[in-house]
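The lines below spell out each chain.
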Amino acid sequence: MFSVEANFLDQLKDSIGLFLPETVLIATFLLSLILDLIFRKSRTLTGIVTAIGFVVAGICLIGQTGETAFIFSRMLVVDPFALFFKFVILLSGLIVVLMSFFSKELYETTEGVGEYFTLITGMTIGMFLLASASNLIMIYLAIETMSISSYILAGYTKEIRRASEASLKYVIFGAVSSGIMIYGMSILFGLTGTLNLFDINTFLLSNEVNMVPLMLSGLMILAGFAYKISAVPFHFWTPDVYEGAPVTISALLSVASKAAGFAVLIRFLKSAFIDPTLSSDVAWNTISSIDWQYIIAILAVVTMTVGNLVAVWQTNVKRLLAYSSIAHAGYLLMGVVVMNEIGIAAILLYFFAYMIMNLGAFYVVMLIANKTGSEELDDYQGLGHSAPVLGVCMTIFLISLTGLPPTFGFIGKLYIFSAVLDSGLIWLAVVGVLNSVVSLYYYAKVFRNMYFRGMDPPKEPMTFSYGSMILLFLLAIPTVLFGVYFTPILAWAKSSVEIFFG
Amino acid sequence: MFEIFGVGPLTLITFLPMLGIILILLIPAGKDEQSKKASTNIYRWATVFFTFLQLVIAVVIYINFDLSLTGVNDINGMQFVEKVRWIEVEGLPMLGDLRIDYFVGIDGISAPMILLTAIICFVATFASWSIGKAVKGYFIMYLLLDLGMMGVFVSLDFFLFYLFWELMLLPMYFLIGIWGGPRKEYAAIKFFIYTLFGSLFMLLVMIALYFAVGSFNMLDMMDPSKYDPGSLLSGIGTTWRYIAFGALFIGFAIKVPTVPFHTWLPDAHVEAPTAISVILAGVLLKMGTYGMLRISWPMFPDAVYYFQWYIALIGVVSIIYGAFCALGQHKVGKRDFKKLIAYSSVSHMGFVMLGMAAMNTEGMVGAIFQMFNHGTITAMLFMIVGVVYDRTHLRGLDDFGGLANKMPIYTGVMMIAFFAAIGLPGLSGFISEVLIFLGAFQTFPVMTAISAFAIVIGAAYMLWALQKIFFGKLPDRWKGPWDPTGTKYKHDDLNGIELTALVPLAVIVIYLGINPNPITGMMTSSVNHLIELVKAGGQVAAGM
């Protein structure tokens, strides 16, 4: 399949140069594995190594700003779009690693946390590859790399029964969906004779293909991605896994894994199914004359509506956040529906906002669970008074998730709605707005419990370490700050889209 | 324009509460009883201080206000303008260059509202004296609410307007939910969801307007020549413009509130603590009608003309329905005094709608003046309920009687508020209602005649309440002093704090009843300009 060219070695050399962030992560993976073997007793060493590795990888990523190139025989593509998602993945990975240092459940219910950090690195490598994969086989390999790490991580606290249950559920659902996906890929390969997304595009443009298998393969591959971003109807694993997994892992799954899923979803649709010669206004005038826009729009509506409506009935905060993350996948899918530059820019902006606020919310859940040992909504009563800082920060995160100003979440929603309105899909914007109203109800349930109930008698004040508070502020302050001044993020999102299409 | 430390008066009046919030945040609440008491006092007086400063600035603005300038869609007619680039990202895909300004300024429509907000926020601080739990949080939320309200009235950039508009929701939710009555949770979330529902539709219209005009500048949005011909909201009298107007109208109508969007109001009022009821009735309800005058009317003149009759009808239905509901409080339910005033608010805000739909100077001036008067009068009424509620934790219409003997000063102040609410000549409520009737009669004679019945019903429910609570025989259980130990209430009548809150409002109500010019004079030129603008736009639509 891969024709060896004369300048193959030169190409390889260039490729390795552009593969530096991933290389750093792989080195981190190996180093932490070895260090964990040598220093079995240390409970933070691998974590620190991982954090440093992530920072170094981040610096390497910054070095790639503005690059656009194919690497490794067009297996991977390096472009600002992938770069943006890699930043989101890396940043959320780093925050989760830092969160893990304060996690009580992780340190008290497991024998060692060395592998835990190693697996996070492994998962991150998979997500990095997924964000820049431009070949069906590469996509599949990357998804598996990421999934296998995350299956283990979901059940990492193996003494806790629900964690093992979560892990098992995750594996079974994941295996089924990736089976469906690879079946779709094989059909697509059979139709077009190539695995490269760009070649598939060229082939579909110049040849007539049978509609039915093309549609079928597209839908099957979509099912695989929809599973990763937990879109309805492939969401059933989400609440159980989020509830059972350690909070830190739920946070990672809800942000990083979803970011990788969206990156590949957008790239797949954009590269394989959309005619690049047409202007972005008519981006969805797809070559295969299948109404993908309509399919994604239905997916978006169903996802956010089911996510929001089911979240209303939840009594466990982790499950509530799980359904909220399903709903947010729906909002993000609205941006995919638009699929022009403004749509993609909106998704990028929203994702950045979603990362900060969602990690923040999970972090508060973790800190509270450290003290009370519970994630039930009823146990949150009176927390606004016994842990006022946590209460205020949680309120900020939840308000941001609802999409109310002056928070970052509002800016994200504003852009998503702008994109949808601009493309003339007014009905979709109205559905999105109504969903936001519903979401307010269940987010408000959390801070209602924190503030309106359980004041008499007042609970004992809770104290938290300074380190954990600093991390909390690092998440809470940007949530508000970017809500009133979002120029830098917007400019960044803009430049990340521009070159992707250019 | 005068400046203080290089900051304009509108920025100052809007962000002063922020200084108060920071100050309160820095002062610890204290551990033992003694320090708790001390810090509580500091929080109270800090709030008094900052709201008083706001009032001073409002008065300075009032003195420097140029009555001849028009404003509305004319930047040169706006006063105390400040415009600073806030967000700027160039070359965005589709959106082009995104520019959002920090753009504030006032004209004859917003100036009376600034004054009203400053007055109400100042006096409501004194009504907050009885707040006992989590005082620190209370005053932080209170000042945040104050900031949001001021911001709404000064914003001339839609984005900024929306930001402040939504900023008010959260403090209001907590103020009702933490410090409210028995059904506070229900009332708080009902308020929150209702308003969010409306404001999110406003958000969609705002985005559509942005795509049409290319900026969030409200004045640009009022200029049909600035509209991109290919955009959704361009043209005159198109279906999309009517739909957009309708969406905006729902957003504002929920806030007013008009029938059928009013059901959150009685719940919110009944459960909210006194001071918050005062602010809710005094300022928050005006945001709805203010939003219509600032946004809906000048930006969608064609739609205003198209829906004029329906808007008036909604006004009349609110007037009559609200009045009957208020009357009904004497016979059904818990016979709650606060609920009666809440429904009377629906009725009185209906008058504002009627005046605004009349589309002539009398009606419009009457409407804005009614907004101001309703703010002061209803604020008084809620404080009056608060006075007995603080003493007895009761506010049923049947729980009292003969209070006139026990509390003569209280009864005197109460009489002013009650009669002003009924619309007795010589008090401010009369003037605005007469102006509205004068204006509305020219446009909608039948509907105006029907709505005049509400005055009679109004007199009935108010006088009945007066009779039940203040006259007749004092029940045996209230024979003794309110507070036998004398620690909280030294004597039975109003105390100093309560008088400080009530007397200024009473003075305003009486003075404006005799001489309404200080307020009506402020708005005349702006209102005339607004009517011209709407008529011009509406006639183009009619000529099509």
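Preceding block: the structure.
What you see is a predicted model; the values in this text were computed from it and never measured.

A. Focus on the overall build of chain A. The secondary structure content of chain A amounts to 21 helices and 2 strands. Against the 2.2 N^0.38 benchmark of 23 Å for 502 residues, chain A shows a C-alpha radius of gyration of 22 Å, consistent with a compact globule. Burial analysis of chain A (502 residues in total) assigns 64% to the buried set. Contacts in chain A between residues far apart in sequence, at least 24 positions, make up 81% of those at least 6 positions apart. For chain A, the exposed surface amounts to about 17000 Å²; the carbon and sulfur share of it is 68%. Once the 24 positive and 30 negative side-chain charges of chain A are each reduced to a mean point, those two points are 8 Å apart.

B. Structural context of the pattern of salt bridges. Residues and elements named next belong to chain A. Scanning the model with the defined rule gives 22 salt bridges over all chains in all. For Asp-79, the salt bridge is made with Arg-267, and the minimal N-O distance between the two is 3.2 Å. On the criterion of sequence distance, the pair formed by Asp-79 in the loop between strand E2 (76-78) and helix H4 (80-101) and Arg-267 in helix H12 (residues 247-273) is long-range, its members being 188 residues apart. Like Arg-267, Asp-79 is buried. With a closest N to O distance of 3.6 Å, Lys-318 and Glu-375 form a salt bridge. Here Glu-375 lies in the loop between helix H15 (341-372) and helix H16 (383-386) and Lys-318 lies in helix H14 (residues 317-338), a separation of 57 residues in the sequence. Judged by relative accessible area, Lys-318 falls into the buried class, the value being 0%. Sharing partners across several salt bridges, the network here consists of Glu-165, Lys-169, Asp-240, Glu-243 and Arg-319.

C. The arrangement of the interface of chain A and chain B in detail. The interface of chain A with chain B comprises 44 residues on the first partner and 42 residues on the second. Of the roughly 3800 Å² buried at the junction of chain A and chain B (both faces included), carbon and sulfur atoms supply 84%. For the pair chain A and chain B, the interface holds 2 salt bridges. In this structure, B:Glu185 and A:Arg448 form a salt bridge, with 3.7 Å as the shortest nitrogen-oxygen distance. Scanning the region where chain A abuts chain B turns up 2 residue pairs in polar contact (both at pLDDT 80 or more). Taken together, the elements giving at least two residues each to the side of chain A that touches chain B come down to H15, helix H17 (388-402), helix H18 (408-422), helix H19 (426-451) and helix H21 (487-501) of chain A. With 13 residues, the top contributor of residues to the side of chain A that touches chain B is H19(A). Broken down by class, the residue content of the side of chain A that touches chain B amounts to 30 nonpolar, 7 polar and 7 charged.

D. Local environment of helix H20 (residues 466-484) of chain A. For H20(A), built from 19 residues, the straight-helix expectation of 27 Å at 1.5 Å per residue is met to within 8% by its first-to-last C-alpha distance of 27 Å. Those residues of H20(A) lying buried are A:Ser468, A:Met469, A:Leu471, A:Leu472, A:Leu475, A:Ala476, A:Pro478, A:Thr479, A:Phe482 and A:Gly483.

E. Region of the structure containing the side chain of B:Ser525. Mapped onto the elements, B:Ser525 comes out in helix H20 (residues 517-543). Sequence-distant contacts of B:Ser525, defined by excluding residues within four places in its chain, comprise B:Leu67, B:Ser68, B:Leu69 and B:Thr70.

F. Spatial organisation of the nonpolar core. Within the largest apolar cluster, 417 residues are counted, with the highest numbers of intra-cluster contacts made by B:Phe158, B:Phe159 and B:Trp297. The element contributing the most residues to this core is H15(A), with 24 residues. With sequence-adjacent residues up to four places away left out, B:Phe158 is seen in contact with B:Met202, B:Met206, B:Leu209, B:Phe216, B:Met218, B:Met221, B:Leu248 and B:Ile295.

G. Spatial organisation of unusual backbone geometry. The omega torsion across A:Val232 and A:Pro233 is 5°, close enough to zero to call that bond cis. Of note, A:Pro233 is situated in the loop between helix H10 (211-228) and helix H11 (237-244). Along the chain, A:Pro405 connects to A:Pro406 via a cis peptide bond; the corresponding omega equals 0°. Its place among the elements puts A:Pro406 in the loop between H17 and H18. Despite not being glycine, A:Arg74 has its phi angle at roughly 60°, a positive value. Within the secondary structure, A:Arg74 sits in the loop between strand E1 (69-71) and E2. Within the chain, B:Ala134 stands out as a residue other than glycine whose phi angle is a positive 45°. In this structure, B:Ala134 sits in the loop between helix H3 (111-127) and helix H4 (135-154).

H. Region of interest: the packing of helix H8 (residues 161-192) of chain A against helix H9 (residues 197-206) of chain A. Residue and element names in this part refer to chain A. At a minimum axis distance of 10 Å, the contact between H8 and H9 shows a crossing angle of 50°. Taken together, the axes of H8 and H9 are oblique relative to one another. In this structure, H8 meets H9 at a crossing whose hand is left-handed. Each of Leu-188, Leu-191 and Thr-192 in H8 lies in contact with H9, whose residues at this interface are Ile-200, Phe-203 and Leu-204. Broken down by class, the residue content of the contact of H8 with H9 amounts to 5 nonpolar, 1 polar and no charged.

I. Quick peek at a nonpolar patch on the surface. The grouping of A:Ile26, A:Leu30, A:Leu33, A:Ile34, A:Leu37, A:Ile38 and A:Phe39 at the surface amounts to a nonpolar patch, some 660 Å² of accessible area in total. With respect to the helices, strands and loops of the structure, A:Leu37 is situated in helix H2 (residues 20-38).

J. Summary view of the packing of H4(A) against helix H6 (residues 114-132) of chain A. Residue and element names in this part refer to chain A. Interhelical geometry of H4 versus H6 gives an angle of 170° and a closest axis separation of 9 Å. Relative to H6, H4 is oriented roughly antiparallel. In this structure, H4 uses Ala-82, Phe-85, Lys-86, Ile-89, Leu-90, Val-96, Val-97, Ser-100 and Phe-101 to contact H6, whose residues at the interface are Tyr-116, Phe-117, Ile-120, Thr-124, Met-127, Phe-128, Ala-131 and Ser-132.

K. The environment of B:Leu233, seen in detail. All names here are of chain B. Mapped onto the fold, Leu-233 is located in the loop between helix H8 (218-221) and helix H9 (239-255). Considered as a pair, Leu-233 and Ile-311 are 78 residues apart in the sequence and their alpha carbons are 21 Å apart. Setting aside residues up to four positions removed in sequence, Leu-233 forms contacts with Val-205, Ala-208, Leu-209, Ala-212, Tyr-227, Trp-240, Arg-241, Ala-244 and Phe-300.

L. Representation of the packing of aromatic side chains. For the structure on display, the rule yields 70 aromatic pairs over all chains. Ring centres of A:Phe84 and A:Phe352 lie 6.4 Å apart, and the angle between their planes is 65°; this geometry places the pair in the edge-to-face category. On the criterion of sequence distance, the pair formed by A:Phe84 in helix H4 and A:Phe352 in helix H15 is long-range, its members being 268 residues apart. The same class applies to A:Phe84 as to A:Phe352, namely buried. Aromatic side chains B:Phe122 and B:Phe126 sit 5.4 Å apart centroid to centroid with 85° between the ring planes, which places their arrangement in the edge-to-face category. Of the two residues, B:Phe122 and B:Phe126 are both situated in helix H3; the distance of 4 residues between them amounts to about one turn of the helix. An aromatic cluster is built from A:Phe81, A:Phe84, A:Phe85, A:Phe87, A:Phe262, A:Phe351, A:Phe352, A:Tyr354, A:Phe408, A:Phe482 and A:Trp492, whose rings are joined through pairwise contacts. When the ring centre of A:Phe464 is taken as reference, the NZ or CZ atom of A:Lys371 above it lies at 5.2 Å.

The rules behind each value
Every chain is numbered independently, its residues counted from 1 as its sequence is written. Chains carry letters and ligands carry numbers; both start at the beginning, A for chains and 1 for ligands, and go up in the order they are written. Totals for whole chains, interfaces and linings use every residue, but because this is a predicted model, local features are given only for residues with pLDDT of at least 70 and side-chain atom pairs only at 80 or more, for both listing and counting. To obtain the side-chain values, all non-hydrogen atoms of the structure were used and water was disregarded. Labels follow the DSSP assignment, with helices taken as runs of H or I lasting at least four residues and strands as runs of E lasting at least two, numbered in each case from the N terminus. The globule rule is 2.2 Å times the number of residues to the power 0.38, and the radius of gyration it is compared with is taken over C-alpha atoms. Each residue is placed in one exposure class: buried if its accessible area under a 1.4 Å probe, protein chains only, is under 20% of its type's maximum, exposed if it is over 50%, and partly exposed if it falls in between. Here a residue-residue contact requires only that any non-hydrogen atoms of the pair lie within 4.5 Å. Residue-level accessible areas treat just the shown protein chains as cover; the underlying method is Shrake-Rupley with a 1.4 Å probe. Neither His nor the chain termini are counted; the positive set is Lys and Arg, and the negative set is Asp and Glu. The atoms used to mark charge sites are NZ of Lys, CZ of Arg, CG of Asp and CD of Glu. Whenever a carboxyl oxygen of Asp or Glu lies within 4 Å of a side-chain nitrogen of Lys or Arg, that contact is scored as a salt bridge. Here the quantity called buried area is the total loss of accessible area, with a 1.4 Å probe, experienced by two parts when brought into contact, counted for both. Any pair of nitrogen or oxygen atoms within 3.5 Å is treated as a polar contact; in protein, a donor-acceptor pairing is required on top of that, and neighbouring residues in sequence qualify only through side-chain atoms on both sides. The nonpolar class holds Ala, Val, Leu, Ile, Met, Phe, Trp, Tyr, Cys and Pro. Asp, Glu, Lys and Arg form the charged class, and all remaining residues, Gly among them, are polar. To estimate the expected span of a helix, subtract one from its residue number and multiply by 1.5 Å. Only buried Ala, Val, Leu, Ile, Met, Phe, Trp, Tyr and Cys residues count toward a nonpolar core, and they belong to the same one when joined by side-chain atoms within 4.5 Å. Note on geometry: axes are lines fitted to C-alpha atoms, helical ones only across the stretch in contact, with angles between N-to-C directions running from 0 to 180 degrees. The cut-offs work like this: below 35 degrees is roughly parallel, past 145 is roughly antiparallel, 65 to 115 is roughly perpendicular, and the gaps in between are oblique. Note on convention: the crossing is left-handed when the near helix lies turned anticlockwise from the far helix by less than a right angle, right-handed when the turn is clockwise. Residues form patches when they are more than 30% accessible in relative terms and have no salt bridge. Like charges link within 9 Å. Nonpolar side chains (Val, Leu, Ile, Met, Phe, Trp, Tyr) link within 5 Å. The criterion for an aromatic pair is that two Phe, Tyr or Trp rings (for Trp, the six-membered ring) have centres within 6.5 Å, with stacked assigned to planes under 30 degrees apart, edge-to-face to planes over 60 apart and tilted to the rest. Here, a charge over a ring means that NZ of Lys or CZ of Arg falls within 6 Å of the ring centre while also lying within 35 degrees of the ring normal.

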